[in-house]
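Residue strings, one per chain:
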Amino acid sequence: MEVSTGCPFLLLILFMAILAGSTAANVAELDVYPKVLKKSGDPVKIKWNGISNPCALDWLGVYNPATSSDENYIGYVFLASSPTWKSGSGSIVLPLLNLRSSYQFRTFNWNESEINNGTRRDEMGNPLPGTRHLLATSEEISFVNYNDPSQIHLAFGEKDDEMRVMFITRDEMRSSVRYGLMEDELGETVEAPATTYTRPNMCDSPANSDVGWRDPGYIHDGLMKNLKPGKKYYYKVGSDEGGWSPTYSFISKDKQSDETNAFLFGDMGTSLPYLTFLYTQEESKSTVKWILRDIEDLGDKPAFISHIGDISYARGYAWIWDSFFTQIEPLASKVPYHVCIGNHEYDWPSQPWRPSWSYAVYGSDGGGECGVPYSLKFNMPGNSSLPTGTGAQATQNLYYSIDVGVVHFLFISTETNFFKGSDQYAFIKNDLESVNREKTPFVVVQGHRPMYTTSYELRDAPLRARMLEHLEPLFTNNRVDLALWGHVHTYERLCPFRNFTCGFPENSTDGHFTMHMVIGMGGQNWQSKWEPRPDHPDLPIYPQPATSLYRSAELGYVRLHATREKMVVTYIGNHDGMPHDSVEITAKGR
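Each chain carries its own residue numbering, running from 1 in the written order of its sequence. Selection of residues for local features in this predicted model requires a pLDDT of at least 70, selection of side-chain atom pairs for listing and counting requires 80 or more, and totals for whole chains, interfaces and linings are taken over all residues. Each side-chain value is derived from all of the structure's non-hydrogen atoms; neither hydrogens nor water enter the calculation.

### Brief notes about the overall build of the protein
So the rule is basically this: Going along the chain from the N terminus, every DSSP run of H or I of four or more residues is numbered as a helix, and every run of E of two or more is numbered as a strand. We call a residue buried when its accessible area falls under 20% of the maximum for its residue type, exposed when it is over 50%, and partly exposed in between, using a 1.4 Å probe and counting protein chains only. By definition in these notes, contact holds between two residues if any of their heavy atoms fall within 4.5 Å. Only the protein chains shown count as cover for residues, and the accessible areas themselves come from Shrake-Rupley with a 1.4 Å probe. Positive charge is attributed to Lys and Arg, negative charge to Asp and Glu, and no charge count is given to His or to the chain ends. Charge placement uses NZ in Lys and CZ in Arg. For Asp and Glu, CG and CD serve respectively.
Within the protein, the secondary structure is distributed over eight helices and 34 strands. Principal-axis analysis of the C-alpha atoms gives the protein an extent of 125 × 70 × 45 Å. Counting the 590 residues in the protein, one finds 56% classified as buried. Once local pairs closer than 6 in sequence are excluded, the contacts in the protein between residues at least 24 apart make up 71%. Approximately 24,600 Å² of the protein is accessible, and the part contributed by carbon and sulfur atoms is 51%. Mean positive and mean negative side-chain charge positions of the protein (52 and 70 charges, respectively) differ by 3 Å.

Laid out in structure tokens, this is it:
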């Protein structure tokens, strides 16, 4: 009998070829264009195809640096956001910030059966996508210049004829600020020394972990001096080696001005074009948009911005700081951007001042940053500082004051010791007692956690009691006109208060009463409960107490305009950019 061995062997080869072809046809592919970006914020288009059996939970991971492990993405987008995802192909467009290193994208399959199987969760309790099933990896995406000066922001200097500008580069290179009164003739130059911080400077996770830490680059700080009052100055920052920024402009301070313009809010945060480990603040974009409109409407009148704590909400995820400073640059490159510290910049379990009564107040809200990024990325007037006790840089920008036109603004820290006998208490007392009311008829104090609020914030009740004991007498004895607070993500105008008693300075014969406002509605929309009323304990929406003259859960900001005769503070809502509440405080009797 004849036996043939050739045909079965050929059939086996043919079968293997068909199988290989079928497998190749089902391999997912991922492409990105362009692969080199010119400037921070430029968009890329991410395209994928060849995903067999696509699932609604398939996702795209955003990685920076490109060498990050699969679980250490900076963000993610579900492929189902593309209208063609069910075909196994689709595309997404994302803007990318210059984070001083290259990006990479990766697609993963993730199915419902894996959600509760040891899945990591974000701060809202939502499951974070799993990385077990990698589908495709893109080529790296880079920027033309990683030293392109970015995240530019201004602040007042110690003297009236100074203006500070800060910015970021990747490398520690010699950089400077060029400025002058004519756009095409920037005849003055000052050096902008650089500093940075490192991973060991962070005090806890996630700030010092693989998932949260990213190199912050170098922070440059240049101080423009000898500015003529009330003039429009042009400036640019950078170096010949690393490149120069576009030319920006600002209006210098005029200490003789009879007018003050300011935009004030707390708790703004930032928006990201992708999901990440934390909840981010989409509404912050509207706050920036409307304030930019108002600044442009002022023309060549000077103004400044005050952001009273809970700045970026990075909480240990470093790239969120980059997003925040990029988002505010259109504002902060035009007008000084002033801040005070909040719990989400600072608090950690071993912070230096943590009395026994405060254990429910001060927790781990800073995400392990212990105030270091906040202290180095801003440089406010004054020299207030507090050692961290960890070997990291001291916490700065805690308390200071500035005169702007006819208003004296005092910034305080509710996160560090303000008790009688503390350095901060001595500063506040001396500052308020030294105000020249002929020069600045109005005094405004700002801090993060409120002294008064009808929000049902039981956790902070011990702190409020101590603020009333130690700080309120300084406010009333020195006739503080207005106290502004954040932390509660609403707008509320309370009556002029002293020791929980309402009064009005214009007609009171029983001492001074300070008006309080809560303005933590800059972008974060976690809403607190209103304080319950004893006669309506079961209502889901509690009646407004008589002490609360106006309150709203709509996000926005307040606009302050003052002359020597009166100060008007107006609440602007983000849904329409229009005024929704306003109060006038007069300088009568001063």
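### A look at the pattern of salt bridges
Side-chain pairs of opposite charge can arise where the charged atoms are in close proximity. Heads up, the rule is: Counted as salt bridges are all cases of a side-chain nitrogen of Lys or Arg within 4 Å of a carboxyl oxygen of Asp or Glu.
If you walk through the whole model with that rule in mind, you get 26 salt bridges. Salt-bridge contacts for Asp481 lead to Arg437; the nearest nitrogen and oxygen are separated by 3.0 Å. Taken together, the positions of Asp481 in the loop between helix H8 (472–477) and strand S27 (482–485) and Arg437 in the loop between helix H6 (423–433) and strand S26 (442–447) put the pair 44 residues apart, joining distant regions of the chain. The network of salt bridges with common partners includes Asp347, Glu415, Arg449 and Asp460.

### As for the sheet that holds strand S11 (residues 163–169)
Operational definition: Pairing between strands is defined by DSSP: at least two bridges between them are needed.
Strand order in this open sheet of four strands is S10-S11-S15-S14, and the pairing throughout is antiparallel. Two strands in the sheet have a free side with no partner beyond their single neighbour: strand S10 (150–156) and strand S14 (194–195). Where S11 meets strand S15 (residues 218–224), seven bridges bridge the pair, whose relative direction is antiparallel. Note that in S15 the partner of Val165 across the bridge is Gly222.

### Examining helix H3 (residues 319–332)
For clarity, the cut-off: The span one expects for a helix is its residue count, reduced by one, times 1.5 Å. Here the bend at a residue means the angle between the axes of two seven-residue stretches, the one that ends at it and the one that starts at it.
Helix length check: H3 (14 residues) gives 19 Å between terminal C-alpha atoms against 20 Å at 1.5 Å per residue, within 8%. The largest bend along H3 measures about 25 degrees and falls at Thr326, with the proline Pro330 one to four residues further on. The element H3 is extensively covered by neighbouring structure, given that 12 of its 14 residues are classed as buried.

### Things to note about the sheet that holds strand S20 (residues 304–308)
The strands making up a sheet associate through hydrogen bonds between their backbones, and the pairing can be parallel or antiparallel. The criterion, for reference: All axes are obtained by fitting lines to C-alpha atoms, using only the stretch in contact for helices, and the reported angles, taken between N-to-C directions, cover 0 to 180 degrees.
With respect to topology, six strands assemble into an open sheet ordered S21-S20-S19-S32-S33-S34, the strand pairing being mixed. Each having just a single partner strand, strand S21 (337–340) and strand S34 (579–586) make up the two edges of the open sheet. Mean inter-strand twist for the sheet, computed between neighbouring axes without regard to direction, equals 20 degrees. The sheet contact formed by strand S19 (residues 260–265) and S20 spans four bridges and is parallel. In the sheet register, Ala262 faces S20, and the bridge partner there is Phe304. Each of S19, S20, strand S32 (556–562) and strand S33 (566–573) is contacted by helix H2 (residues 284–298), which is oriented at about 20 degrees to S32, the strand it contacts most.

### Side note on the state of the cysteines
What counts here: Criterion for a disulfide: a pair of cysteine sulfur atoms within 2.5 Å.
Scanning the model with the defined rule gives one disulfide in all. Shown here is the disulfide that connects Cys495 with Cys502, its sulfur atoms set 1.9 Å apart. A torsion of -75 degrees about the S-S bond marks the disulfide between Cys495 and Cys502 as left-handed. The cysteine Cys340 is free of any disulfide, with Cys370 supplying the nearest cysteine sulfur at 19 Å. We classify Cys340 as buried; its relative accessible area is 0%.

### A few points about the packing of H2 against H3
Put simply, the rule is: An angle below 35 degrees is read as roughly parallel, one above 145 as roughly antiparallel, one from 65 to 115 as roughly perpendicular, and any other as oblique. With the far helix as reference, a near helix turned anticlockwise by less than a right angle produces a left-handed crossing, and one turned clockwise produces a right-handed crossing. Just so you know the grouping, Ala, Val, Leu, Ile, Met, Phe, Trp, Tyr, Cys and Pro go in nonpolar, Asp, Glu, Lys and Arg go in charged, and all remaining residues, Gly too, go in polar.
Remark: H2 packs on H3, axes separated minimally by 9 Å, with the N-to-C direction vectors making an angle of 15 degrees. As summarised for this structure, H2 and H3 are arranged roughly parallel, according to the angle between their axes. Where H2 crosses over H3, the handedness of that crossing is left-handed. Across from Ser284, Lys285, Val288, Ile291, Leu292 and Ile295 in H2, the residues of H3 making contact are Gln327, Pro330 and Leu331. When grouped by side-chain class, the residues that make up the contact of H2 with H3 number six nonpolar, two polar and one charged.

### Comments concerning the packing of aromatic side chains
Aromatic rings in a pair are described by how distant their centres are and how their planes are angled relative to each other. To be explicit about the condition: The aromatic pairing rule takes the rings of Phe, Tyr and Trp, using the six-membered ring of Trp, and pairs them if the centres are within 6.5 Å, calling planes under 30 degrees apart stacked, those over 60 edge-to-face and the rest tilted. Here, over-ring charges are defined by two tests on the NZ atom of lysine or the CZ atom of arginine: distance to the ring centre within 6 Å, and angle to the ring normal within 35 degrees.
Tallying each qualifying case throughout the model produces 41 aromatic pairs. Taking the centre distance of 5.9 Å and the plane angle of 15 degrees together, the rings of Tyr233 and Phe250 count as stacked. Of this pair, Tyr233 sits in strand S16 (residues 232–239) while Phe250 sits in strand S18 (residues 248–251); the two residues are 17 residues apart in sequence, bridging distant segments of the chain. Residue classification places Tyr233 among the buried positions, given a relative accessible area of 5%. For the pair Tyr550 and Tyr571, a centre-to-centre distance of 6.2 Å together with 65 degrees between the ring planes defines the contact as edge-to-face. Of this pair, Tyr550 sits in strand S31 (residues 548–552) while Tyr571 sits in strand S33, and the two are 21 residues apart along the sequence. A relative accessible area of 0% places Tyr571 in the buried class. Among the aromatic side chains, those forming a connected cluster through ring pairs are Trp59, Tyr63, Tyr73, Tyr76, Phe78, Phe108, Phe277, Tyr317 and Trp319. Over the face of the ring belonging to Tyr63 we find Arg106, whose NZ or CZ atom lies 3.8 Å from the ring centre.

### Things to note about the side chain of Arg354
Under the convention used in this document: Counted as a polar contact is a pair of N or O atoms within 3.5 Å, where, for protein atoms, one must be capable of donating a hydrogen and the other of accepting one, and residues adjacent in sequence contribute only when both atoms are in side chains.
Position of Arg354 relative to the elements: it lies in the loop between helix H4 (343–346) and helix H5 (372–377). Notably, Arg354 is buried but unbridged: the nearest opposite-charge side chain belongs to Asp347, and the N-O separation is 7.6 Å. A distance of 3.0 Å separates a polar atom in the side chain of Arg354 from the backbone oxygen of Pro349. Of note is the side chain of Arg354, whose polar atom sits 3.5 Å from the backbone oxygen of Tyr359. Other than its neighbours up to four places away in sequence, Arg354 contacts Pro349, Tyr359, Tyr362 and Gly363.

Bear in mind that shape data such as this cannot, by itself, settle questions of function.
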